[in-house]
There are 2 protein chains.
Amino acid sequence: MDTKDLCLGVLTLGDASGYDIRKQLEQTFAHFMEISSSGIYPALKQLALQGLVTSTTIPQQGKPNKIVYSLTDGGRRALGLALAESDGRHKVQSEMLVMMFYAGLAPPEKLKSVLLARAAELEGYTAATKAWRDSDAVDQATPGQRFLAGYALAVMEAESKFLRSHVDDLIDEVEQDKSAIASSDAKKG
Amino acid sequence: MDTKDLCLGVLTLGDASGYDIRKQLEQTFAHFMEISSSGIYPALKQLALQGLVTSTTIPQQGKPNKIVYSLTDGGRRALGLALAESDGRHKVQSEMLVMMFYAGLAPPEKLKSVLLARAAELEGYTAATKAWRDSDAVDQATPGQRFLAGYALAVMEAESKFLRSHVDDLIDEVEQDKSAIASSDAKKG
DNA sequence: CATATCATGTAACCGGTTACATGATTCC
DNA sequence: GGAATCATGTAACCGGTTACATGATATG
């Protein structure tokens, strides 16, 4: 499940240029599968060589020519295979949570700003997902996409609620701990 | 925030060998910050060279000598700096969710097994976290660690509840979709 | 008898990330 | 005038992952 598979995936939604794929990947996939955009163009070239996509070059003025890719039957099969072979691993890499584990070593204002930024981010995603769910677009979505939206809403709301209701307590406790340690240090020294 | 910083972090909890750190990182950190174990030993050597840790070699019989590392003041400062400089990014890389997005392309039994395995995994973590929260160990934990446990419980319970209550519906819908497509293909063909 | 635990490490590979390069048009 | 959008790419680096190597003791 690498950059190439992700490109194949986006192409199941319709023909697209590298730029289109990049936007799609940044806007809707980045929440659960991030890749770096510069890897997309080489990946598409390789896919073309392997016959998993075909490409059509559209001349442009003042910009590089647009190259529109289409999924081939082989490409669709390759994606199906990649999905069937995937172990479905769900991996979190969170510097935020590492920071929380070592909260006593970081500046309290830093903790607060990171947590509140995360809460705001989640609330933004939540609002966007709800808007989508209540729009006409949802009727054309697949069962999997609707499931994913429901999953995202459930998890994001739980997370942002927890953050909003516990951030201040955490900051208070961290600051109390710090002053307690400082005063016991003063006694010793 | 790389392997070296994570090692420094574990050493704030007390002196430890590479093996100890590895276990700690696999058992309690892996849920939110995964690194590969083989990177730990070179990382510790580098940290020793930089003076961020000191090491004591303890002779062993029938095994490689044990090397116990201790955090220096410089190491503690370096970790503080790493935390202060971190943007606290929370990143999810989930093949599971990609599979859900393209649910129509994957075998339904596969979807089901991946989702149920995830639910079971979450329930295991949840039970372990609750057991910790209700044990004596929690009294020695820092505010940050208690916050992290509360966060984990809130998020994991929301996720497993959603999965348990929606998996069957998803599988049904995917199968209905498949047979609908198959019959419309039959009409065409 | 086989597997898990303890305990450390090396070497090579490969893929992702970063930084760079170009340039017209449109919006604030 | 500056930033954002459209549109594609290359080159180098670096770090993480995989696979491998060793071997005793305890547990089932």
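Nothing here was measured: the structure is a model prediction, and the numbers come from that model.

**Q** What's the story with the interface of chain A and chain B in this structure? I'm lost.
**A** When the parts come together, some accessible area is lost, and that loss is often what is quoted as the size of the interface. At the interface, 62 residues of chain A touch 62 residues of chain B. Buried surface at the junction of chain A and chain B, both sides included, amounts to about 6100 Å², of which 68% is carbon and sulfur. On the chain A side of the contact with chain B, E95, F101 and F147 of chain A bury the most area, a combined 13% of that side's loss. Between E173 of chain A and R146 of chain B there is a salt bridge, with the nearest N and O atoms lying 3.7 Å from each other. If you list the elements that add at least two residues to the side of chain A that touches chain B, you get α1 (3-11), α4 (73-85), β4 (90-94), α5 (95-101), α6 (108-133) and α7 (143-188) of chain A. If you tally residues by element for the side of chain A that touches chain B, the top one is α7 of chain A, at 20 residues.

**Q** Help me out: how do you make sense of the protein's contact with DNA strand C in this one?
**A** Looking at DNA strand C, there are 21 residues lining it, with S36 and S38 of chain A together with Y19, Y41 and Q60 of chain B nearest. Within the side chain of K63 of chain B, one N or O atom sits 3.2 Å away from a sugar or linking oxygen of DNA strand C. Of the residues forming the surface near DNA strand C, the biggest block, 4 residues, is contributed by helix α2 (residues 18-29) of chain B. For the surface near DNA strand C, the residue count by class is 5 nonpolar, 9 polar and 7 charged.

Criteria and thresholds
- Residues numbered from 1 in each chain as written.
- Chains lettered and ligands numbered in written order.
- Predicted model: local features only at pLDDT ≥ 70, side-chain atom pairs only at ≥ 80, totals over all residues.
- Heavy atoms only, no water.
- Contact = heavy atoms within 4.5 Å.
- Buried area = accessible area lost by both parts, 1.4 Å probe.
- Salt bridge = Lys/Arg side-chain N within 4 Å of Asp/Glu carboxyl O.
- Helix = DSSP H or I, 4+ residues; strand = E, 2+ residues; numbered from the N terminus.
- Near = heavy atom within 4 Å.
- Polar contact = N/O pair within 3.5 Å; in protein donor to acceptor, adjacent residues only side chain to side chain.
- Nonpolar A, V, L, I, M, F, W, Y, C, P; charged D, E, K, R; others polar.

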